[in-house]
Amino acid sequence: MIPRMNNNYQRKKDPERMQEQLLQAASVIAARDGIAALSLNAVALQAGVSKGGLLHHFPGKQELIHALFSNLLGRMEKKIVALEQEDPLPEGRFSRAYLMYIAGLGETDESRELALLSLAMPKETVLRKCWRDWMLEHLRHGDEIDRSYIGNLVRYAADGLWLSELTEGPTMTPIERQALVSRLADMTRGGNENIVLPDHK
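Just so it is clear, the model here is predicted, and its values are computed rather than measured.

1. A short note on the layout of surface pockets
So, step 1. Approximately 380 Å³ is the volume attributed to the largest pocket.
So, step 2. Taken together, 18 residues make up the lining of the largest pocket; nearest its centre are Tyr98, Ser118, Met121, Trp131 and Asp159.
So, step 3. Sorting the residues of the lining of the largest pocket by element identifies α6 (93-103), α7 (109-120), α8 (125-141) and α10 (149-168) as the ones contributing at least two each.
So, step 4. Of the residues forming the lining of the largest pocket, the biggest block, seven residues, is contributed by α10.
So, step 5. By residue class, the composition of the lining of the largest pocket is 14 nonpolar, two polar and two charged.

See the structure below:
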């Protein structure tokens, strides 16, 4: 067993690890009990640190929720970027990667965490801005298809599929679901005679 003195020393020397530990504790509570249960006392207890130690990193509940959301976006970012890098076709690459990421969430802690934080957005303007800035930055680096109604349609459909399965459970067979995801992905690849991009002149 590590002496308490050494543990405190390690925490002081490794603030990033402590912050990660606190965010992990907050994520566990949010996924298990919801955002409303995300009190500073509960997070400190879950993480096994003093409330003062928590306040050193997060001075209030809103800052903690914001950090939790930023952490989630960071994890999403890594997975979406990885999907983009594996995709040889540049047209609509971001929207396609977003679709594949959302469609692959399933019943995971990450999915539940995203759901809980999304539900908090109407009351937490900082979260809405954080999400909006993240999306706009991707669209700024995207292409014409990503920024068109096609890209919007595909991303909104991905969100709808995820939300439907989260609230209603599966409503399609795996084959039907895969066919839907594949059809949406095809829409982002261009060269489809049935899809005409509007002239923005």
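From this point on, the discussion continues.
2. Focus on the environment of Ala185
So, step 1. Among the structural elements, Ala185 can be located in helix α11 (residues 174-187).
So, step 2. Counting along the chain gives 88 residues from Ala185 to Ala97, while the straight-line C-alpha distance between them is 8.9 Å.

3. Overview of the packing of α6 against α10
Two measures define how a pair of helices packs: the angle their axes make with one another and the distance between the axes.
So, step 1. Where α6 meets α10, the axes come as close as 9 Å, and the angle between the chain directions of the two elements is 5 degrees. By the angle class used here, α6 and α10 are roughly parallel. Along its contact with α6, which presents Phe94, Ser95, Tyr98, Leu99 and Ile102, the element α10 presents Gly151, Val154, Arg155, Ala158, Asp159 and Trp162.
So, step 2. For the contact of α6 with α10, the per-class residue count stands at seven nonpolar, two polar and two charged.

About the thresholds
Residues numbered from 1 in each chain as written. Predicted model: local features only at pLDDT ≥ 70, side-chain atom pairs only at ≥ 80, totals over all residues. Heavy atoms only, no water. 1 Å grid on protein atoms, 1.4 Å probe; cavity = no way out; pocket = protein on both sides within 12 Å on 5 of 7 lines; lining within 4 Å. Points joined across faces, edges and corners; volume = space filled by probe spheres on them. Helix = DSSP H or I, 4+ residues; strand = E, 2+ residues; numbered from the N terminus. Nonpolar A, V, L, I, M, F, W, Y, C, P; charged D, E, K, R; others polar. Axes fitted to C-alpha atoms, helices over the stretch in contact; angles between N-to-C directions. Parallel < 35°, antiparallel > 145°, perpendicular 65-115°, else oblique. Contact = heavy atoms within 4.5 Å.

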